[in-house]
Structure formats: structure tokens, C-alpha cells
Amino acid sequence: MPSSPTEKTEPWTIQRLLNWTKGHLAAKGVGEPRLATEVLLAQALGCRRIDLYARFDRVPEPGQLDVFRDLVKRAAGHTPISYLVGRKEFYSLEFEVSPAVLIPRPETELLVQQAIETVRGWDRPDCHLLDLCTGSGCIAIALLKNLPTVRALATDVSADALAIAARNAAAHGVDERLTLVEADRLVLPGDAVPAQGFDLIACNPPYVAVGEMATLDANVRDHEPHLALTDGSDGLSFYRLLAEESAALLQPEGALLLEVADGGAEAVREIFAAHPTWRHTGTWRDAVAGHERVLRYALVGAPG
Ligand code: GLN
């Protein structure tokens, strides 16, 4: 905290720290500065956010203040708060995150919700899911938590991401039903694919066009893994690949659920419309900004 003329007489209580830091982060253009401040102070003090309110007049230890000062400095430099505290809530579950993985987005909860509804609608005894580009594992793990009899395979090209996904799966007690495999795109080891194919494939691929990377917020562009954000091309290459090759991994009555970019749904629908294998069975808008966010496909010839 800055030296101020009143510092010697006025101690840095929790309340004063919250007020000063909120203004500081707001001035630096950090989103939701009050929330960010509370999360960081709770982290530095090793308490819950709500506990701060019961301790407004308390003065933290010098060591805690040092930790807080460092966190605030990094937040002011646009390091995402989720990376600073090492976790993010998604689908009411807490996930470990690091700069090796994309921070789970609230928009992606829609993909999970639609996948859960799709699987519940089937009521199949032995259901296998595939989550491609799993990152922190948030999609696969949220699905397994909510669908207690299904099994899943989750893949990522990053070994560092898979290590985090493995810890998240263990923390949520679903590791026995989740297989994690390091794999690029759709190149899966043969023994990882169930004989009858997967019932459902979910994918939130890197969909930011490389030309749009410069327009992303600094906290995303400068801190989140580019491998998880962009395909290095027009943002559509994973959808082309899925349209061409994923039918072979799906059982005949299976479903493919995709997250798409803001304004990207129509381009993805066009890609799939060019493949006679696929039938579009749904588009859903997210509750965050009302964008078309999730698309669902079935194989032509399947009922429903
Ligand atoms: N939704 C992320 C963003 O807003 C991008 C995620 C992705 O590419 N799948 O930056």
C-alpha cells in the first residue's frame, strides 16, 4: 500500500485495505475491482471472503500484507484473479487452474447443461463421453459429477493441462471414471475408444481467429494459453476437423455438442451443413450476453 501522510496514525485495517485497493484496481482497468479485492485479500489472509466482513477493523500481520501487496501488484498488471488464487468456480464446482489452462468461462456452463440434458434424455445404461481439448477438465468433470454412471475420456495436447485435469478429477472423486489422454486433435489411441463408439462428444475448441488475438482483453491475451485460445488460423479449423472425422468416433445414435465463438455459430453451421453425415439438432444462446453459444449435431439416420 502507498505511504500516505496519515499512514502512521491510521492503520491499514481490512476495511481500509478493501477501499483503497478497490479504487486502485478500478483505476488500472481491472474488471469487478471490489470482488477482485475481496478475493485477493481473503487469499492473503487465508480466510473466506465473507469472513472479511466480520473482521473489518482487524489489521493484518506484516507478512500477510506483503502477500496481499504482491497479489494486488500482479492483478493491477492484468494477471487474471483466477490464476493469482489458483482456482475458479465452474458449474458450482471449484477447479484448480494455472496459466497452463484456460480459465473456465460461465458461457461454457451451457455446454455442460445441454450435455447433461442430452444424456439424461437417453437413459442408456453404459454411456461413454469424449471431451476434446479438456484443459482444466472442467467440462468432463462437471459432467461426471452430475451423471454418476457415465465414463469419460478427455484429451488435450498439453501435458501440463492434463496434470491439472488429473488433480481436478481426483479432487472431485471422479478419477476412476475419467481417462485422460495426451492427444492432438482427433488422433486417439485405438484402445481409448469404446467398441460401439462414444455416446457423446463435447468440445470447446480454441476458436479465436489468430487475427483477433490482438483484440482480446489484456488479461486474456497476455496470460491465458494461446494454444487454448486460437487454432493459429481462422478459428474454425477444429470444427472442420470434427465435421470431417468425428462421426467415426460416435455411436450411431450419439450426439456432438460444440461451443462456438461470439458470432461464430453460423460459420460452424455452414461447415456441418456441407457434410451429409450430420443433422443439426439444436442451437442454444448463453445467459451471459445472449450469444448463440452451443450447437448440437446427430448423425443422419439416427432417430430423434
Ligand atoms: N471463450 C474464450 C474467450 O472468450 C475463448 C475460448 C476458446 O477459444 N474456446 O476468450
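Parameters at a glance
- Residues numbered from 1 in each chain as written.
- Predicted model: local features only at pLDDT ≥ 70, side-chain atom pairs only at ≥ 80, totals over all residues.
- Heavy atoms only, no water.
- 1 Å grid on protein atoms, 1.4 Å probe; cavity = no way out; pocket = protein on both sides within 12 Å on 5 of 7 lines; lining within 4 Å.
- Points joined across faces, edges and corners; volume = space filled by probe spheres on them.
- Helix = DSSP H or I, 4+ residues; strand = E, 2+ residues; numbered from the N terminus.
- Nonpolar A, V, L, I, M, F, W, Y, C, P; charged D, E, K, R; others polar.
- Phe/Tyr/Trp six-rings, centres within 6.5 Å; stacked < 30°, edge-to-face > 60°.
- Buried < 20%, exposed > 50% of the residue type's maximum accessible area, 1.4 Å probe, protein only.
- Lys NZ or Arg CZ within 6 Å of the ring centre and 35° of its normal.
- Near = heavy atom within 4 Å.
- Polar contact = N/O pair within 3.5 Å; in protein donor to acceptor, adjacent residues only side chain to side chain.
- Areas by Shrake-Rupley, 256 points an atom, 1.4 Å probe, with all protein chains shown as cover.
- Salt bridge = Lys/Arg side-chain N within 4 Å of Asp/Glu carboxyl O.
- Axes fitted to C-alpha atoms, helices over the stretch in contact; angles between N-to-C directions.
- Parallel < 35°, antiparallel > 145°, perpendicular 65-115°, else oblique.
- Left-handed = near helix turned anticlockwise from the far one by under 90°.
- Contact = heavy atoms within 4.5 Å.
- Core = buried A, V, L, I, M, F, W, Y, C linked by side-chain atoms within 4.5 Å.

A. Region of interest: the layout of surface pockets. Taken as a whole, the second largest pocket spans an internal volume of roughly 490 Å³. Lining the second largest pocket are 35 residues, with Cys133, Asp156, Pro206, Leu227 and Ala228 sitting closest to its centre. At three residues, helix H11 (residues 237–245) tops the list of elements feeding residues into the lining of the second largest pocket. Per-class residue counts for the lining of the second largest pocket are 21 nonpolar, eight polar and six charged.

B. Examining the packing of aromatic side chains more closely. One pass over the structure, following the stated rule, counts seven aromatic pairs. Seen in terms of ring centroids, phenylalanine 90 and tyrosine 91 are 6.5 Å apart; in terms of plane orientation they differ by 45°. Their pairing is tilted. Residue classification places tyrosine 91 among the partly exposed residues on the basis of a relative accessible area of 23%. Residues phenylalanine 272 and tryptophan 278 carry aromatic rings whose centres are separated by 5.6 Å and whose planes lie at 65° to one another, so their mutual orientation is edge-to-face. On the basis of relative accessible area, phenylalanine 272 is assigned to the buried category, the value being 1%. Look at tryptophan 278 and you get buried, because its relative accessible area is 7%. Ring-pair connections join several aromatic residues into one group, and the members of that group are Phe90, Tyr91 and Phe95. One residue, arginine 16, lies across the ring of tryptophan 12, its end atom 3.8 Å from the ring centre.

C. Representation of the site of the ligand in the model. Near the ligand, the surroundings consist of Leu102, Arg105, Asn204, Pro205, Pro206, Tyr207, Ala228 and Leu229. A distance of 2.8 Å separates a nitrogen atom of the ligand from a polar side-chain atom of asparagine 204. A distance of 2.9 Å separates a nitrogen atom of the ligand from a polar side-chain atom of tyrosine 207. Coverage of the ligand by the protein amounts to 84% of the 290 Å² it exposes when considered alone.

D. How the structure looks around the pattern of salt bridges. Scanning all chains against the criterion turns up 18 salt bridges. With a shortest N-O distance of 3.3 Å, glutamate 10 and arginine 16 are connected by a salt bridge. Here glutamate 10 falls in the partly exposed class, since its relative accessible area comes to 37%. A salt bridge links arginine 124 to aspartate 199; its shortest N-O distance comes to 2.7 Å. Here arginine 124 is found in the loop between helix H6 (109–122) and strand E3 (128–132), whereas its partner aspartate 199 is found in strand E6 (residues 198–203), with 75 residues between them in sequence. Taken together, the shared-partner salt bridges in this structure form one network comprising Glu266, Arg269, Arg285 and Glu292.

E. Broad picture of the packing of H6 against helix H7 (residues 138–146). Look at H6 against H7: their axes get within 10 Å of each other, and the N-to-C directions meet at 40°. Here H6 lies oblique to H7, going by the angle between them. The hand of the H6/H7 crossing is right-handed. Taking contact as the criterion, the partners of Leu111, Val112, Ala115, Ile116 and Arg120 in H6 are, on H7, Ile139, Ala142, Leu143 and Asn146.

F. Layout of the nonpolar core. If you look at the biggest cluster of nonpolar residues, it comprises 37 residues, and the most contacted ones within it are Leu130, Ile201, Tyr239, Leu258, Val268, Phe272 and Trp278. Looking at this core, the elements that each hand over two or more residues are E3, E6, H11, strand E7 (250–259), helix H12 (265–273) and strand E9 (292–299). Contact partners of tryptophan 278, with chain neighbours within four places excluded, come to Leu242, Ala243, Ser246, Ala247, Leu250, Leu256, Phe272, Tyr297, Ala298, Leu299 and Val300. By size, the runner-up hydrophobic cluster in this structure holds 30 residues, among which are Cys127, Leu129, Ala202 and Val294.

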